[in-house]
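Structural overview
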Amino acid sequence: MNDQVADFRAEKTNLTELAGLGKGPVSLEPYRSQEWFEKEVEQVFKRAWLCLGREERIGNPGDYFVQTIEVAKAEILVTRTREGVRAFHNVCSHRSNKVVLDRGGNASRFVCRYHNWTYKNDGALIGVPDEKNFFDFDKKRCGLTKVACETWEGWIFINLQPVPEVSLTEFLGDFGQIYTGIPYPHSDKSILFVSHLKANWKVIADAFAETYHIPAIHPETIGSTFASNENPFARPISAQTWGPHRSVSTYGNPEYVPPIGSQVERLFYSNIATGNVLSAASLEDTEVFLKHPAINPTKSGSWAVDVTWLFPHFQFDVSPGGFWTHHFWPVSVNETRWEARFHIPDAPDVWSRLQQEHYIARLGEILLEDVGNTERTQEGINSGAKEHMVLQDGEVMIRHSLHQLEKWVHAETVREALA
Ligand code: FES
Ligand SMILES: [Fe+2]
């Protein structure tokens, strides 16, 4: 692990150097090249363990959801059996129709709508109409096709290799040792924002990888919570990398109070008391989670959010107000399906409900500000006007991501990519 602590008050921070990364301009080809995109699909998305989110989403036996993975031309059915979480290709063993047609629910068995073949939620084929008329037929060999699936600390992962080259534990490495025992509050409850954007998945991911943009894009919403007079450019307070995974702790203005005119925010702020408007849970809810050594690792008093990346395309964010996640699913070289999931509790009373509505409306505003530039950026990249982009120290997570992707694209084996 590289411990990277930045002094945001210094003339310059030194996160890039501490992460052992170069400082030169960075090629834009990975954001526009079809050839590179195909390599990313084959070498990264089809070889890495991919986090699909919290297992509480399917908390009861029989719960399931379907996850589309466009670049693999796959739909993955994730189910909770009595033995644990399992994943399958959503493809019938008869003539390959899709078995499950909705996006999620609860079922002990799945019936293919074409000829009524029936599967248990553990993938076993249990019913075939007119079975006697098949030839040398063995139901046991015709279950749903399994996809490697494991859970770690309540996070569900799948791997699209028929036999994964490395275990999930090996893939997570030191990161997996450090991020244990974190209680993620309200994991079973979430609101989901989904958006289809005409930009490479990394353009969208990069919009959530740095805080340098905050004073420029978010002056009205979070400009004075994530930046301040002492940190006017919202420099990060620390960063860590573990192999392909990474985390950055972002600055929060401890002096922040809502301006006099912001009556609604002032009303809700009186209870939230975190100095952070990105908040739906109460402080008591998140107390244990704040004490965890991996969270805000420098225990800075000027802390807002830890932005933590599980390679390649998944981010979870923890803050005093709770946690949320981002999936940046590539669709094509310049299309992305972006899924943001915010975990919030059930509102016990009308006041909390109002507070949450305010939070959700505020989130919507901030997220729109975030993705507002992305399609324009992609058009600029596609124009070919520039060969490279220049990154500053606060954009270290973008540099680390590209560095790791390049490693994976060129590595013959996953173990070599992780070395
Ligand atoms: S394709 Fe599913 S039962 Fe025939
Ligand atoms: Fe932002």
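Rules and cut-offs
Residues numbered from 1 in each chain as written. Chains lettered and ligands numbered in written order. Predicted model: local features only at pLDDT ≥ 70, side-chain atom pairs only at ≥ 80, totals over all residues. Heavy atoms only, no water. Donors = N, O, S within 2.8 Å, 3.2 Å for Na, K, Ca; no water. Helix = DSSP H or I, 4+ residues; strand = E, 2+ residues; numbered from the N terminus. Buried < 20%, exposed > 50% of the residue type's maximum accessible area, 1.4 Å probe, protein only. Pairing = 2+ DSSP bridges. Axes fitted to C-alpha atoms, helices over the stretch in contact; angles between N-to-C directions. UniProt positions renumbered as here; feature names shortened; annotations may be inferred. Core = buried A, V, L, I, M, F, W, Y, C linked by side-chain atoms within 4.5 Å. Domains from an automatic or database assignment. Contact = heavy atoms within 4.5 Å. Lys, Arg positive; Asp, Glu negative; His and termini not counted. Salt bridge = Lys/Arg side-chain N within 4 Å of Asp/Glu carboxyl O. Polar contact = N/O pair within 3.5 Å; in protein donor to acceptor, adjacent residues only side chain to side chain. Arc of directions from axis to C-beta. Phe/Tyr/Trp six-rings, centres within 6.5 Å; stacked < 30°, edge-to-face > 60°. Lys NZ or Arg CZ within 6 Å of the ring centre and 35° of its normal.

**Observations concerning the coordination of the iron ion (ligand 2)**
The iron ion (ligand 2) binds to the protein through H213 (NE2), H218 (NE2) and D370 (OD); the donor distances cover 1.9 to 2.1 Å. Sequence positions of the residues that donate to the iron ion (ligand 2) give the spacing H-x4-H-x151-D. With H213 in the loop between α4 (201-207) and α5 (214-217) and D370 in helix α8 (residues 350-371), this pair connects stretches of sequence that are 157 residues apart. Judged by relative accessible area, which is 13%, H213 ranks as buried. A relative accessible area of 7% places D370 in the buried class.

**Regarding the sheet that holds strand β10 (residues 125-127)**
With antiparallel pairing, the three strands of this open sheet are ordered in space as β8-β9-β10. The sheet terminates laterally at β8 (109-111) and β10, the two strands that pair on one side only. Taken over all neighbouring pairs, the strand axes of this sheet differ in orientation by 35° on average, direction set aside. Two strands pair when backbone bridges link them, and β8 and strand β9 (residues 118-120) are joined in this way by three bridges, in the antiparallel orientation. When the bridges of β9 are listed, V111 appears paired with T118.

**Overview of the UniProt feature "domain: Rieske" (unreviewed entry) in the protein**
Using the residue numbers shown here, the UniProt feature "domain: Rieske" (unreviewed entry) corresponds to residues 49-158. Here residues 49-158 is 0% helix and 45% strand, with 6 Å between the C-alpha atoms at its ends.

**Some details on the nonpolar core**
Among the nonpolar cores identified, the biggest contains 104 residues, and I158 and F171 are the most heavily contacted of them. Ranked by the residues each element gives to this core, the list is headed by helix α10 (residues 396-410), at seven residues. Of the domains in this structure, domain 1 (2-44 + 183-418) and domain 2 (50-163) are the two that each give at least three residues to this core. Excluding anything up to four places from it in sequence, I158 contacts A48, W49, L50, L52, I69, I76, A87, V147, A148 and C149.

**Regarding the side chain of R399**
For R399, the position within the fold is in helix α10. Lacking a salt bridge, the buried R399 has D393 as its closest oppositely charged neighbour, with an N-O distance of 7.1 Å. A polar atom in the side chain of R399 sits 2.7 Å from the backbone oxygen of G24. Residues contacting R399, with those up to four places away along its chain left out, are T16, L21, G22, K23, G24, V26 and L391.

**Some remarks on the pairing of strand β19 (residues 335-343)**
The element β19 is extensively covered by neighbouring structure, given that eight of its nine residues are classed as buried. Bridge count between strand β13 (residues 190-197) and β19: eight bridges; the pairing is antiparallel. Bridge pairing links V194 to E339 in β19. The antiparallel hairpin formed by strand β18 (residues 322-332) and β19 contains two residues in its connecting segment.

**Concerning helix α9 (residues 374-382)**
Buried within α9 are the following residues: T374, Q378 and I381. The buried residues of α9 occupy an angular sector of 60° when the element is viewed end-on, so they sit on one face. Opposite the buried face of α9, at more than 90 degrees from it, the exposed residues are R376 and E379. As for α9, its buried residues are in contact with β13, α4 and α8.

**Considering the packing of aromatic side chains**
Scanning the entire structure with this criterion turns up 27 aromatic pairs. Measuring from ring centre to ring centre gives 6.0 Å for F171 and W408, while their planes differ by 85°; the resulting arrangement is edge-to-face. Taken together, the residues span a long stretch of sequence, with F171 in helix α3 (residues 168-178) and W408 in helix α10 at a distance of 237 residues. Across the pair, exposure class does not vary: F171 and W408 are buried alike. When the ring of Y179 is compared with that of W242, the centres are 5.6 Å apart and the planes differ by 85°; the resulting orientation is edge-to-face. On the criterion of sequence distance, the pair formed by Y179 in the loop between α3 and β13 and W242 in strand β14 (residues 238-242) is long-range, its members being 63 residues apart. W242 shares its class with Y179; the two are buried. Through pairs of rings, three or more aromatic residues link up here, namely W152, W155, F157, F175, Y179, Y184, W242, F314, F316 and F323. Here the guanidinium or amino end of K202 rests over the ring plane of Y31, the centre of that ring lying 5.2 Å away.

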